[in-house]
Amino acid sequence: MSSPIRLAITHVTTYSYDQPVHYALQQLRLVPRSGHGQTVLDWSSTITGGTKQASFSDQFVNHTELVKVDAGATRIEIRSEGTVEVEDNHGIIGTHKGFAPLWLFENPTPTTSPGPAIRALARQLRAEQDGADTLAQLHALSAMILSQVSYETGRTNSDTTAESALTAGHGVCQDHAHIMIAAARLLGHPARYVSGYLMMNDRVDQDASHAWCEVWTEALGWVGFDVSNGISPDARYVRVATGRDYRDAAPIMGIRQGPGDEHLQVSLQVQQ
Amino acid sequence: MADTGSTFDEMLARSDQPRPPYESYFQWFANEDLKDLRRKSREAEAFFRRIGITFNVYGQDEADERLIPFDIVPRIISAREWATLERGIEQRVRAINAFLHDIYHRQEILRAGRIPKEIISKNTAFLPEMIGVNPPGGVYTHIVGTDLVRTGENEFFVLEDNARTPSGVSYMLENRETMLQMFPELFSQLKVRPVSAYPQLLRRSLADCAPEGLTDRPTVAVLTPGIHNSAYFEHAFLADQMGAELVESHDLVVENGRVAMRTTQGYHPIDVLYRRVDDDYLDPLTFNPDSLLGVPGIMDVYRAGNITIANAPGTGIADDKALYSYMPDIVEFYTGERAILQNVPTWRCSEADSLAYVLDHLSDLVVKEVHGSGGYGMLVGPAASKKEIAAFEKKLRARPSNYIAQPTLALSTVPILSKAGLAPRHVDLRPFVLVSPNKVEITPGGLTRVALKKGSLVVNSSQGGGTKDTWVLGD
Amino acid sequence: MMLGKTAGGLFWMFRYIERAENTARLLEAGWRIALTRSDGESNEWQSVVNTAGIDAAYSAKFDSFDSGSVINFLLRDRDNPSSVLSSIEAARSNARMVRTALSSEVWEAVNECWMEVKSALARPVSERTLHELLAAIRYRTSVVRGALHGTMLRNDIFAFSRLGTFLERADNTARILDVKYYVLLPSAAFVGSRIDNVQWEVILRSVSAERSYRWLNGGETTPMGIAEFLILDKRMPRSLAFCYSKIGENLNWLANDYGTRHESHTLADRICGQLNGTTVNTIFEEGLHEFLTASINDTSTLASLIQTDFRFYQ
């Protein structure tokens, strides 16, 4: 096994509002936890233009914070940074922990509920991989999804369902994860969404935070699959939050009262 | 169990022979002038209208506020009968709280195989967001309104547990107030246990559930969907009687890590929120994003331990009618005792054998939606026409797991004042239970609902039911 | 401690009660004048609509100003947000919202007022029953006010209720004067025609002041006298000076109780100061219409300041 690597992460999210904010809240899931092969050496989050109201561990044991945008602010900056040491476990996370029962990850959610396209995908997999072991089947599923849904940014959004992304034939990591989750559940495996960070080898500045999925198998427990990159997560992946789908594990979920538009800007650096 | 045709009359053992709890009342009644009583009955209605005890009917003009008919003949329960009910209800409520804690933590009852996983996993009332949450004081069901029916001398059944948001307590209080004003002499003759302390007990019980370490004098508020809600009267009434603020979603914000209400002098934090808004609408940030009735962020403040929500979100799962059929097991699993109060035998239509039986006996059974309430979406076999039964059968076959069926119980009767004098009508009973970390309190009395139509078994106010004052006699 | 919403609900509940009462008075005035005139009546009913400030809503629905249309539009039309029925419904709706802040007497008075008015206005109203009906409306609204005075604590609940009453009343008095200001101008006095006397009577009657005015002035009716009476006479409970002295009193009560003064206090002080420091001659010299317009604007600004200062809505 290779030695662990240290990743330095700086993730800055900025919302600019074209009118002073009357009342707005942001729910953050931005703090990685130690465990499952990763050790958080240091981590800090700084909010400018907002105030932290609550922090708690949610049903999937994600560290969650509620932030209120300061009244009258036109900009809030959420800065999350730290160092995490990661081992390469070939995507194997292992046993299921926490109060959330495994069966929770068997149920479809509105975003991951299967339609004709997902059903066809599952049928195709069954036909092609009949007799193969579960892990091989799942790797094949991942490859099948990537071949049918090309990675393209800007054409789907955070509300796009697994079914519609598969039908459209393009999407981003979030869509890939949703499709894999939907299909895996259809095949009888509990599956979950993971949001986190990936150090891409060729660059320091990343476009956005990453997402992949984990599927539970009898033999190995939870195993990660990054459909977009065609691999299981290695030492370059930092897990931040998990859930049944994007909505459970979204890095930032907000609500705002009052008129006007907002503009989102993300800057993310992951480096060794 | 099934309808044998003999109905238990709670007042009369024979036509001229009252049962013991009713003896004094029966004598008193014999000496009263019917015309006089009918006048009092009309006065009571005018009184209710003037003080505004009305409910709005869904789907009708908002200005159409209806009165729930009130019958002036009391329903009387002896001290001995009450003592049994009290023990049975307390046992059941404790079991429900233990069940809710378990189901949102380790789910031992599922691991032990005492109830099937699907009852929880396929249930929309199960709130994943409550997993691992420890409500302040460990209380999930702060207020419960157990629906009971009676079929014989010692035969009481629990029909529904109403652990989510039982309504009707304002009628219990106003009915008593009206009876006290109309018949003071009766109250001096009979030792009727008072119910008037309920609002104070409710306030204290809620305050006892406040998060620890925030304040010595918890602020309690009642959250209402607003004046157009059908139970608005009750929300205002309870807030008023408790001396608590009545708030709507737009009165509340998250401020300094608390949920706070907007006052004329700034924001004031709330420790305990008695909410009369459904789970799904409670927090648009966590649940239904389109909700206008909720408070964004309240679930976050709650999960951080800085507010008490009563009843706790996710308690609705205990009201599921499929789960209901397992209540005797649940009581036994968590209390180690046999259930004191009986459950109505229930066929789960999700099970093939049961479904076959139910389909064969539709005209004898009551069939209910698992998540339904208020008497909507149910079939009362014996009262339904062939056409209604046929239509219902279609729905049942399409989604069997959405239904349970029960025998038509021969609900006991208590007389109402009709034009011709006393006339028996079917009743049920909803006592109100308060749960705090240290105790379970049951107000001696409750809401007696009565089917005003002769022979009818449907007591819901939305479908022609009325109410009666309920007297529990002292020793 | 009081919710901002509750303060707003009380304020509006009493504004609407006052509004219903004012509309009833105005109709009473119109009806009397129509009765005492032999020639074509339509002008008088038109002037009633003008005075109520609902010309636009009325013309959207009717072409002429016949008594039946005007009476029913002012009393019971839901398209008219200021109709007696709309006002009473709004008052009761606000009362329902703030029920926990009201004594049971006040709540029951509002609720009964609504029940009676709703049932009395369920069908079109004819001139024959009008007088009796208007008397009943005035009676019911006065029971609400009586219950407020007789059963409510003198605290912020009372203060916001009174602020609503007097802001509505000040606005109403100023509008009635402004709609007819031209008949009060010195040039109009020369005309001395019967029509003008009628117009004066409408003004006085619509604030129920015809008797008190004559009693105080020995039957001498002059335009300046009427203006002075309705603007500056503090004995007259519907005059601007009286209304503003009450508004000032209640705002000061809140300032003392809460320990904070707001912008609304500053504005109320300024308005009270102006009314105390002026004479009717000065008002006429500087322009009656200009004075009234400024007063209406001030009242509306003050209402919105109160709404912000005491957090009615946010």
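Just above sits the structure.
Below: a short report on this structure. (Residues numbered from 1 in each chain as written. Chains lettered and ligands numbered in written order. Predicted model: local features only at pLDDT ≥ 70, side-chain atom pairs only at ≥ 80, totals over all residues.)

**Things to note about the overall build of chain B**
At step 1: When its secondary structure is counted, chain B shows 15 helices and 26 strands.
At step 2: The C-alpha atoms of chain B give 22 Å as radius of gyration, which agrees with the globular expectation for 475 residues (23 Å, within 12%).
At step 3: Here the C-alpha coordinates of chain B stretch approximately 65 × 55 × 45 Å along the principal axes.
At step 4: Looking at chain B as a whole, 47% of its 475 residues are labelled buried.
At step 5: Residue pairs in contact within chain B that sit at least 24 positions apart in sequence constitute 68% of those at least 6 positions apart. (Helix = DSSP H or I, 4+ residues; strand = E, 2+ residues; numbered from the N terminus. Rg over C-alpha atoms; globule rule 2.2 N^0.38 Å. Buried ≥ 20, exposed ≤ 12 C-beta atoms within 10 Å, placed from the backbone. Contact = placed C-beta atoms within 7 Å.)

**So, the overall build of chain C**
At step 1: Regarding its fold elements, chain C presents 17 helices and zero strands.
At step 2: Taking 2.2 N^0.38 as the reference for a compact globule, 314 residues should give roughly 20 Å; the C-alpha atoms of chain C span a radius of gyration of 19 Å, in line with that estimate.
At step 3: Judged by the C-alpha coordinates and their principal axes, chain C covers about 60 × 50 × 35 Å.
At step 4: Across the 314 residues in chain C, those meeting the buried criterion constitute 49%.
At step 5: Sequence separation of 24 or more characterises 70% of the internal contacts of chain C that already satisfy a separation of 6 or more.

**Structural notes on the environment of methionine 13 of chain C**
Residue and element names in this part refer to chain C.
At step 1: By the secondary structure assignment, methionine 13 is in helix 1 (residues 4-36).
At step 2: Classification of methionine 13 by C-beta neighbours within 10 Å gives buried; the count is 29.
At step 3: Sequence separation between methionine 13 and aspartate 309 is 296 residues; the distance between their C-alpha atoms is 19 Å.
At step 4: For methionine 13, the contacting residues outside a window of four places in its chain are Ala91, Asn94, Ala95, Val98 and Gly164.

**Here we look at the interface of chain B and chain C**
At step 1: Tallying the contact residues gives 18 residues for chain B and 20 residues for chain C.
At step 2: Of all the elements in the fold, those that place two or more residues in the side of chain B that touches chain C are helix 2 (34-51), helix 9 (232-242), strand 10 (245-247) and strand 12 (258-263) of chain B.
At step 3: With four residues, the single largest contributor to the side of chain B that touches chain C is helix 9 of chain B.
At step 4: Across the side of chain B that touches chain C, the residue classes break down as eight nonpolar, five polar and five charged. (Nonpolar A, V, L, I, M, F, W, Y, C, P; charged D, E, K, R; others polar.)

**With respect to the pairing of strand 13 (residues 221-225) of chain A**
Residues and elements named next belong to chain A.
At step 1: Along strand 13, four of the five residues are buried, which leaves the element largely enclosed by surrounding structure.
At step 2: Direction of pairing for strand 7 (residues 92-94) relative to strand 13: antiparallel, over a ladder of two bridges. If you follow isoleucine 92 over to strand 13, its bridge partner there is valine 223.
At step 3: Note that strand 12 (residues 210-217) and strand 13 share five bridges and pair antiparallel. Bridge pairing in strand 13 places cysteine 213 opposite phenylalanine 225. (Pairing = 2+ DSSP bridges.)

**As for the sheet that holds strand 6 (residues 143-145) of chain B**
All names here are of chain B.
At step 1: Ordered by their spatial adjacency, three strands build an open sheet running 6-23-24, and the pairing between neighbours is antiparallel. On the outer flanks of this sheet lie strand 6 and strand 24 (440-442), each paired with one strand and no other. Averaged over all pairs of adjacent strands, the angle between their axes in this sheet comes to 20 degrees, without regard to strand direction.
At step 2: As paired strands, strand 23 (residues 432-435) and strand 24 are joined by three bridges and run antiparallel to one another. Across the sheet, the residue bridging to valine 435 is valine 440, located in strand 24.
At step 3: Helix-sheet contacts for helix 3 (residues 79-103) involve strand 6, strand 23 and strand 24, and the interaxial angle to strand 24 is about 140 degrees. (Axes fitted to C-alpha atoms, helices over the stretch in contact; angles between N-to-C directions.)

**Comments concerning the packing of helix 8 (residues 198-207) of chain B against helix 9 of chain B**
All names here are of chain B.
At step 1: At a minimum axis separation of 8 Å, helix 8 and helix 9 run at an interaxial angle of 80 degrees. Viewed along their axes, helix 8 and helix 9 adopt a mutual orientation that is roughly perpendicular. Of helix 9, the residues touching helix 8 (which contributes Pro199, Leu202 and Arg203) are Leu238, Gln241 and Met242.
At step 2: Here the residues of the contact of helix 8 with helix 9 sort into four nonpolar, one polar and one charged. (Parallel < 35°, antiparallel > 145°, perpendicular 65-115°, else oblique.)

**A few points about the interface of chain B and chain A**
At step 1: With 21 residues of chain B in contact, the opposing surface of chain A contributes 20 residues.
At step 2: The dominant element in the side of chain B that touches chain A, judged by the number of residues it contributes, is helix 11 (residues 298-303) of chain B, at three residues.
At step 3: Its residues placed into classes, the side of chain B that touches chain A shows nine nonpolar, seven polar and five charged.

**As for the environment of isoleucine 298 of chain B**
All names here are of chain B.
At step 1: Looking at where isoleucine 298 falls in the secondary structure, it is placed in helix 11.
At step 2: Among the residues examined, isoleucine 298 registers 28 C-beta atoms within 10 Å and is labelled buried.
At step 3: Along the sequence, isoleucine 298 and arginine 87 sit 211 residues apart, while their C-alpha atoms lie 35 Å from each other.
At step 4: Those residues in contact with isoleucine 298, other than ones at most four positions away along the chain, are Val259, Leu282, Asp283 and Ile307.

**Section: the sheet that holds strand 13 (residues 266-269) of chain B**
Residue and element names in this part refer to chain B.
At step 1: The strand order across the open sheet formed by three strands is 11-12-13, and the pairing between neighbours is antiparallel. Each edge of the open sheet is held by one strand with a lone partner, namely strand 11 (252-255) and strand 13. Between one strand axis and the next, the sheet turns through 45 degrees on average, direction left out of account.
At step 2: Note that strand 11 and strand 12 share four bridges and pair antiparallel. When the sheet's bridge partners are listed, leucine 252 is paired in strand 12 with methionine 261.

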